[in-house]
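Residue-level listing of the chains:
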Amino acid sequence: MKIESSIILRAAGHFLLPLLIIFSIFLLLRGHNEPGGGFIAGLVAAAAIALYLFSMDIQAARKALYVDPRDLIGGGLVLAVLSGIPAALQGKAFFTSLWWPVELPLLGEVKFSTPLIFDIGVYLVVIGSVLTIVLNLAEAEEKS
Amino acid sequence: MSVSLALPVLIPLLAGALSLAFWRSHLAQRWIGVIGTGALLWSSIVLLKVTWQDGIQVMHMGSWAAPFGIVLVSDLLGAIMVLLTGITGFATALYSLVSIPREHEKFGYYPLLHLLLAGVAGAFLTGDIFNLYVWFEVMLVASFALIILGGERAQMEGAIKYVTLNLFSSALFLSAIGLLYGVTGTLNMADVAQKLSQVPEAEQGLVSVISILFLVAFAIKAAAFPLFFWLPASYHTPQVAVSAIFAGLLTKVGVYVLFRFYTMIFADDTELTHTILLWMGMLTMLTGVLGAAAQYEFRRILSFHIISQIGYMILGLAIFTPLAIVGGVFYIMHHIIVKANLFLVSGLVYRLRGTYELKELGGLYRSHPWLGLWFLIPALSLAGLPPLSGFFAKFVIIRAGVEAGEWLAVAVALIVGLLTLYSMIKIWNEVFWKAAPEGCEQREAPPYTHQGNSLVMYYLPIIGLALMTVLIGVAAQPIYELAEAAAEQLLNPVGYIEAVLGAKP
Amino acid sequence: MESLMAIVVGILYATALYMMLRRSIIKLVIGLILLSNAANLLIFTAGGMTPAAPPLVPEGMLQPEGLVADPLTQALILTAIVISFGVLAFAVVLIHRAYEVVKQDDMDMMKDTDR
């Protein structure tokens, strides 16, 4: 990506990245009962990193991601598959939803559940797979 | 409800996820590859045993009741197919240890292999048509990536044809699902089977259209007559372990769905669909075997034979008597093992001589007499010589054809059997028997750095599968009974419907 | 409305097939994209179109009030969109790689494996 990005995009990229990531986490947690969920949230987060990539360069985007996108796919997939197993241990069918409501200070009642674990898994897989493709294409572009 | 039902899907998914998580370590991936496919094989044996003893198994995923939730169902046909998936998967994983280059492992060979197996097992076990579509896509995405691992020119060209035609078939499948949902308001297979018989007269035409749409979509996946061109263009291009698993399993998923749909679901209008299937089966057999006769590349010959063998299975379905269905099921069992094995043998020949071209091969019987034997067992079984598995498979189908009075089909089946024998003898002559051409011993393919010179891991799966072929031939009676019970369940879907939806008062 | 949608679906299919039969691989991918959209729109139309509320259960109730749209068609289409997104992303990478290797945008030049 040797295209000179505009200074406005550069400046905005710094602020937009954290904002969009927070928005994606908001979407992730909002899911299940209201519009939102792991897939949409993952796309928003991946789009945020892709925007960052356009405004900076590939190294900066990789740095902003901290981990290799392939690790995200693997970890997310493991998480998603494992979320089906607690139900089986209790003698129910795989992927039966289990809910553990917890009272937390400040936040009130928070419902931890297996669908939440599944959604986090999906979130990571989507970020990982979209960015694997985008980064690979961007690197191929840079080489040529 | 039994846990064993979900395991054949969950194990490869988990193994795939784990080997993706450990993508940096080759060693971990290889261990996960062998242990994961071994566990899949074990779970599929357990599943078949449970299904045989206790009847059809059903699991409502997430405890959502059918027909609203997704169900996993294993009747005997599904369980048999999963067992075959386990066998092929395990054999391929062992073979991959020595035949897959480091580069490919780095680009995710093992995760993709597991994902492919998960997709195949899921397609065999699901009881929901849309879920079937999802498993098909899982399988396809994994196979797309596997077919281009390595990135050679031939692979790219083959992959473009493979991807395009399979995506087109998926789009047809999806359109048919949409129309079916519009007519019946449900996509649970058992529920659809029930509701289709209550469709009013005015909408019968639409049902026929849907049924033909499904037929075309799955015929593309199964590589049946006018729709097979993607197969010989692509199957000989990837690594041989990939070819073997594609040849063994992928087209058979299409055949399996044809068996499932046109016995249980669209069984009312057999006049139309089964006549098409009959012609399709005969022409598939003929074009496949004639295509193979013109080829002089080891894997291309085998690829064309996949097509011709698919024709036999479709013929079994098309004749549509109980005996013919038994023959079809038996044929699938025999074919998956034999075909995967032949591809594995071709890979070993390549390892020894560095080419797949028959013209440049020769003299292998002199240097490796035992390899000749391990080639002859699956090759003669494919051609249908007694007492190997292929003889009984062909015998049952031809006998069913005679009983049903389909003389043309019987004649075609016999001629194709003869031509198959011709093809196999051609390979035998060119590769093993004739004197080695000048300098061909020196062309041994260099072993990949990590595998050393041992050929044990090449031979192990080949011998295992060959012995299985002999075993199916020798113990044909119990296996025939298994196929008979599976066909019985397909032709009387009441048991399946009651198992999924609960008995009607 | 239904007949209008049916015509749109038909046009989409026709355009998709036309694009897929062109020789350029870029046009082939565009055809595949159109095809998957056509199939989605077909599900949407065939599943029955009703002018009804979104199928959401209000706070504190066990089932939605009044007439609601069929949620299943929407779920099917959403899943199909996700899948086709993944597959088409792969197809784009594939043609990119294929172009790098073959150096042609012409399907007629890709006949090596058919001989």
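Definitions and limits used
Residues numbered from 1 in each chain as written. Chains lettered and ligands numbered in written order. Predicted model: local features only at pLDDT ≥ 70, side-chain atom pairs only at ≥ 80, totals over all residues. Heavy atoms only, no water. Helix = DSSP H or I, 4+ residues; strand = E, 2+ residues; numbered from the N terminus. Buried < 20%, exposed > 50% of the residue type's maximum accessible area, 1.4 Å probe, protein only. Areas by Shrake-Rupley, 256 points an atom, 1.4 Å probe, with all protein chains shown as cover. pLDDT = per-residue confidence, 0-100. Contact = heavy atoms within 4.5 Å. Buried area = accessible area lost by both parts, 1.4 Å probe. Nonpolar A, V, L, I, M, F, W, Y, C, P; charged D, E, K, R; others polar. Phe/Tyr/Trp six-rings, centres within 6.5 Å; stacked < 30°, edge-to-face > 60°. Lys NZ or Arg CZ within 6 Å of the ring centre and 35° of its normal. Salt bridge = Lys/Arg side-chain N within 4 Å of Asp/Glu carboxyl O.

**Regarding the overall build of chain A**
Point 1. The secondary structure content of chain A amounts to six helices and two strands.
Point 2. For chain A, the spread of C-alpha atoms along the three principal axes comes to 55 × 35 × 25 Å.
Point 3. With 144 residues in all, chain A has 40% of them scored as buried.
Point 4. When the accessible surface of chain A is totalled, it reaches about 8000 Å², and 70% of it is carbon and sulfur.

**As for the confidence of the model for chain A**
For residues with low pLDDT, the predicted coordinates do not support detailed interpretation.
Point 1. Mean pLDDT over chain A: 82, with 94% of residues reaching 70 or higher.
Point 2. Element-level mean pLDDT values for chain A span from 74 in strand 2 (residues 108-113) of chain A up to 88 in helix 2 (residues 38-55) of chain A.

**A short note on the interface of chain B and chain C**
Point 1. Taken residue by residue, the interface counts 36 residues in chain B and 35 residues in chain C.
Point 2. Counting each side, the surface lost to burial between chain B and chain C is near 3000 Å², with a carbon and sulfur contribution of 78%.
Point 3. Among the residues of chain B in contact with chain C, R153, I160 and Y181 of chain B are the three that bury the most area, contributing 21% of the side total.
Point 4. The element best represented in the side of chain B that touches chain C is helix 7 (residues 153-184) of chain B, accounting for 19 residues.
Point 5. Split by residue class, the side of chain B that touches chain C holds 21 nonpolar, nine polar and six charged.

**Here's the deal with the packing of aromatic side chains**
Residue and element names in this part refer to chain B.
Point 1. If you walk through the whole model with that rule in mind, you get 35 aromatic pairs over all chains.
Point 2. Taken together, a centroid distance of 6.2 Å and an interplanar angle of 15° make the contact between Y162 and F246 stacked. Remark: F246 occurs in helix 11 (residues 240-265) and Y162 occurs in helix 7; sequence separation between them is 84 residues. The exposure classification of Y162 matches that of F246, with both residues buried.
Point 3. Taken together, the ring pairs connect F130, Y133, F136, F173, F214, F218, F261, Y262 and F266 into an aromatic cluster.
Point 4. Sitting over the ring of Y356, R299 keeps its end group 4.3 Å from the ring centre.

**Remarks on the pattern of salt bridges**
Residue and element names in this part refer to chain B.
Point 1. Under the criterion given, the structure shown has 10 salt bridges over all chains.
Point 2. E105 serves as the salt-bridge partner of R30, at 3.1 Å between the closest nitrogen and oxygen. On the criterion of sequence distance, the pair formed by R30 in helix 2 (residues 26-54) and E105 in helix 4 (residues 102-106) is long-range, its members being 75 residues apart. Grouping residues by exposure puts R30 and E105 together as buried.

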